[in-house]
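The lines below spell out each chain.
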Amino acid sequence: MNNFIDAAALREMILCADAALHANMQKINELNVFPVPDGDTGTNMGLTMNNAAVELRKKSFATVDETASCVASALLRGARGNSGVILSLLFRGISRRLKGLEKAGADEFSAAMNEGVDAAYKAVMKPAEGTILTVSRMASAAAAQAAGAGSDLETCMVCAIRVGEKALEDTVNQNPVLKKAGVVDAGGMGYLVILKAMLASLRGEVSSNSTAVSYDGAGEDGIVFEEGKVEVPEQNVFDTVYIVRKKSFDVDLLPLRQYLDSIGDSLVISDDDEIFKVHVHTDIPGQALTESQKYGTLELAKIENMRTQALEKLAGRKVQSTDDLEAVDKELDELAEQQKNGKAAPSCEFAAPAKDYGVVAVCAGEGMANLFRDLGADAIVTGGQTMNPSTEDILAQINRTPASTVFVFPNNKNIIMAAEQTVPLAAEKGKKVVVIPTKTVPQGVSALLSFNVDEEAGQLAEDMIAAAGNVHTAMVTYAARDSEFDGHNIHAGEYLALLDGALLGSYSSIPTLFKELNWAINEFSPEFITVYYGADVTQTDAEAAAETITGCFPEAEVSVVDGGQPVYYYMISVE
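In this text the structure is predicted, and so the values were computed from the model without any measurement.

**Student:** Looking at this model, I keep getting lost on the overall build of the chain. Mind explaining?
**Tutor:** If you tally the helices and strands in the chain, you get 22 helices and 20 strands. The 575 residues of the chain split such that 55% are buried. Contacts in the chain between residues far apart in sequence, at least 24 positions, make up 72% of those at least 6 positions apart. Approximately 24300 Å² of the chain is accessible, and the part contributed by carbon and sulfur atoms is 49%.

Have a look at this one:
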């Protein structure tokens with residue numbers, strides 16, 4: 001039995017957790033029951049945890065304190081989406097409890113797990129049960145109880161997983177949305193994937209370089225491993241990673257995503273204003289690179305034949321260029337980090353305050369970005385639905401804004417928590433950040449229209465929040481998956497109408513959708529309606545859609561704006 005973990009053991013446990021999240025990413029994503037395209041839980045948790053793995057591989061550590069501190073810092077800055085932020089909070093609490101310790105035993109680590117839960121609950125304004133919060137709380141409590149009874153660290157983690165499994169199973173009964181769909185909570189599953197991988201690493205059953213941890217299955221402790229398994233891929237054999245410098249900061253990558261998804265799998269694209277980084281498995285890496293160069297200038301690339309590597313491993317030979325792969329990955333990640341933080345242009349890394357107030361807005365689409373700039377935004381963070389920016393992405397633009405107080409408009413409910421994590425980070429450099437909790441782009445536009453530089457910051461924030469609260473937002477998008485939701489039988493590819501986040505229905509045609517949408521809008525007696533049309537909609541179609549709205553609301557002022565946003569065919573602001 002293992003009674004203690006040192007710095008090296010904790011590092012390996014986190015690296016195994018990162019590998020396990022990557023292996024189970026799609027399985028976790030499939031638990032997202034809402035049919036709209038979104039930034040799925042597995043992806044957000046995986047990208048967040050990978051930020052810690054990248055940092056851990058850069059250097060060695062002498063104590064668990066140092067290791068945990070590195071993990072907490074990396075997760076905080078790399079947090080994406082609400083699930084990523086909660087994950088970072090759980091590890092921030094762990095780091096605080098392990099502070100000053102060279103190694104940790106059952107008492108210390110179980111107490112650290114519970115402190116992580118406390119940190120997460122305190123940060124969430126309205127904690128909901130039947131989520132990752134519930135699963136982590138019950139699992140951590142079980143670990144503490146076992147430690148109090150004199151159990152060793154390994155046994156404590158086994159107890160945590162057993163109780164966590166039961167808590168996860170019960171989330172379907174605690175959360176009405178999950179109950180309708182008949183699934184468990186995605187974030188809770190992600191948390192257990194992490195715990196299982198950490199336990200397997202502690203036992204020496206897996207390593208971060210060779211073994212994935214599977215979620216499914218049942219055993220004495222509910223853990224199943226794909227131990228030592230080597231798969232020889234028959235298709236999409238080239239692991240392709242590259243960086244491209246964008247032609248312009250607001251270039252739309254959605255067509256590239258769709259193309260790369262059609263020629264490969266395991267696709268991940270991350271980007272900021274200047275560059276984007278692609279990871280894809282494909283049989284035609286040259287075509288992937290050629291297509292990507294339509295969006296900018298290729299800077300670095302790594303292409304490896306995974307079939308050749310697998311065959312070498314099965315034959316018992318040294319896998320060619322394993323060390324080189326790690327070195328190239330490290331170089332790519334470090335370069336991307338430097339470019340993202342503006343280190344290639346030191347003068348842009350941090351802008352000293354030259355005015356009282358500044359504005360950073362999150363949005364996607366050239367039209368939307370230009371609109372926010374016209375309204376006075378100093379910086380744009382490219383992101384939104386399906387593309388949740390990290391805390392560090394937002395912080396980079398705050399640092400580049402030459403103001404002592406920076407107002408941040410997340411414009412998406414799944415980005416608000418990530419934006420809020422920038423507050424203490426920006427304060428380290430003397431900047432005050434005020435997050436205006438806008439849940440949609442139209443709310444952000446309305447809030448920014450009420451911006452008055454002559455007001456005191458507190459009053460200004462109140463006014464903008466009030467302005468955002470007067471906006472109702474209708475969205476028109478497509479169904480990302482087959483689903484039965486709120487009495488609607490939805491098929492992938494159908495048009496979806498949402499109003500203030502609630503699903504109105506699924507339709508086979510846009511005219512039918514707008515007819516139903518107008519009925520729903522009618523209850524607000526609108527005075528001002530703005531139709532923002534997306535990248536896949538022509539101006540003619542947008543004007544035709546606006547005419548149907550004008551016909552229903554002749555007294556309202558109806559405007560049409562080219563937003564150029566991906567994902568949503570239309571965003572409609574109703575005031």
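Text resumes after the structure shown.
**Student:** I'm lost on the packing of aromatic side chains in this one. Help?
**Tutor:** Aromatic ring pairs are defined here through the distance separating the ring centres and the angle between the ring planes. One pass over the structure, following the stated rule, counts six aromatic pairs. Seen in terms of ring centroids, Y357 and F407 are 5.5 Å apart; in terms of plane orientation they differ by 70 degrees. Their pairing is edge-to-face. Of the two residues, Y357 is situated in strand β9 (residues 355–363) and F407 in strand β11 (residues 403–409); the sequence distance between them amounts to 50 residues. What makes F407 buried here is its relative accessible area of 0%. Both rings, one in Y495 and one in Y569, keep their centres 5.7 Å apart while their planes meet at 65 degrees; by these two values the pair is edge-to-face. On the criterion of sequence distance, the pair formed by Y495 in strand β16 (residues 495–499) and Y569 in the loop between β19 (557–562) and β20 (570–574) is long-range, its members being 74 residues apart. Here the guanidinium or amino end of K103 rests over the ring plane of F4, the centre of that ring lying 4.7 Å away. For K431, the ring lying beneath its charged end belongs to F350, and the centroid distance is 4.7 Å.

**Student:** So what exactly am I meant to see when it comes to the pairing of β16 here?
**Tutor:** Side-chain positions along a regular strand alternate between the two faces of the sheet. Burial of β16 is extensive: four of the five residues sit out of reach of the surface. Relative to β16, strand β13 (residues 472–478) is paired through five bridges, and the arrangement is antiparallel. Within the sheet, the bridge partner assigned to V476 lies in β16 and is A497. Pairing analysis gives five bridges linking β16 to strand β17 (residues 502–507), with the strands arranged antiparallel. Considered in β17, the bridge of A497 is made with G505.

**Student:** Honestly, unusual backbone geometry in this entry has me stumped. Any pointers?
**Tutor:** Leaving glycine aside, a negative phi is the common case for residues, and trans is the common case for peptide bonds. Residues other than glycine seldom take positive phi values, yet S266 does so here, at roughly 55 degrees. Mapping S266 onto the fold places it in strand β6 (residues 264–271). In this model, N411 sits at a positive phi of 60 degrees, which is unusual for a non-glycine residue. Turning to its location among the elements, N411 is positioned in the loop between β11 and α17 (416–420).

**Student:** What should I look at first to understand the side chain of N414 in this one?
**Tutor:** Tracing the backbone through its elements, the reader meets N414 in the loop between β11 and α17. Using a relative accessible area of 18% as the deciding quantity, one classes N414 as buried. Reaching out from N414, the side chain makes a polar contact with the backbone nitrogen of N82 at a distance of 3.0 Å.

**Student:** Explanation requested: the sheet that holds strand β7 (residues 275–282) in the structure shown.
**Tutor:** Pairing is antiparallel in the open sheet, where four strands are placed in the order β6-β7-β5-β8. At either margin of the open sheet sits one strand with a lone partner, and together these are β6 and β8 (296–305). For this sheet, the mean inter-axis angle between neighbouring strands, taken without regard to orientation, is 10 degrees. In this sheet, β7 lies alongside strand β5 (residues 238–246) in antiparallel orientation, the contact comprising eight bridges. Looking at the pairing, T240 lines up with V280 of β7.

**Student:** Is there a simple way to think about the packing of helix α8 (residues 153–174) against helix α10 (residues 186–203) in this case?
**Tutor:** Close contact between α8 and α10 brings their axes to 10 Å; oriented N to C, the two are set at 160 degrees. The orientation of α8 with respect to α10, classified from their angle, is roughly antiparallel. You can see that α8 and α10 cross each other, and the crossing is left-handed. Seen from α8, the contacting residues are L153, E154, M157, V158, A160, I161, G164, E165 and L168; seen from α10, they are G188, M189, L192, L195, K196, M198, L199, L202 and R203. Taken together, the residues that form the contact of α8 with α10 break down as 12 nonpolar, two polar and four charged.

Rules behind the numbers
- Residue indices follow the written sequence of each chain, beginning from 1 at its first position.
- Totals for whole chains, interfaces and linings use every residue, but because this is a predicted model, local features are given only for residues with pLDDT of at least 70 and side-chain atom pairs only at 80 or more, for both listing and counting.
- Each side-chain value is derived from all of the structure's non-hydrogen atoms; neither hydrogens nor water enter the calculation.
- Helix and strand assignments follow DSSP, with helices taken as H or I runs no shorter than four residues and strands as E runs no shorter than two, numbered in order from the N terminus.
- Per-residue accessibility, obtained with a 1.4 Å probe over protein chains only, is compared with the maximum for each type, and a residue is labelled buried under 20%, exposed over 50%, and partly exposed between these values.
- Contact between two residues is taken to exist if any of their heavy atoms lie within 4.5 Å; hydrogens are not considered.
- Here the Shrake-Rupley method, with its probe set to 1.4 Å, supplies the accessible areas, and only the displayed protein chains count as covering residues.
- Pairing of aromatic side chains here covers Phe, Tyr and the six-membered ring of Trp, requires ring centres within 6.5 Å, and sorts the geometry by plane angle: under 30 degrees stacked, over 60 edge-to-face, intermediate tilted.
- Any Lys NZ or Arg CZ found within 6 Å of a ring centre and within 35 degrees of that ring's normal is scored as a charge over the ring.
- Following DSSP output, two strands are said to pair if at least two bridges run between them.
- Polar contacts, as used here, are pairs of N or O atoms within 3.5 Å; protein pairs need one atom able to donate a hydrogen and one able to accept it. Residues neighboring in sequence count only if both atoms are side-chain atoms.
- Axis definition: a line fitted to C-alpha atoms, limited for helices to the stretch in contact. Angles are taken between N-to-C directions and run from 0 to 180 degrees.
- Roughly parallel refers to an angle under 35 degrees, roughly antiparallel to one over 145, roughly perpendicular to one between 65 and 115, and oblique to any angle outside these ranges.
- By definition, turning the near helix anticlockwise from the far helix through less than a right angle yields a left-handed crossing, and turning it clockwise yields a right-handed one.
- Gly is placed with the polar residues, together with every amino acid not listed as nonpolar (Ala, Val, Leu, Ile, Met, Phe, Trp, Tyr, Cys and Pro) or charged (Asp, Glu, Lys and Arg).

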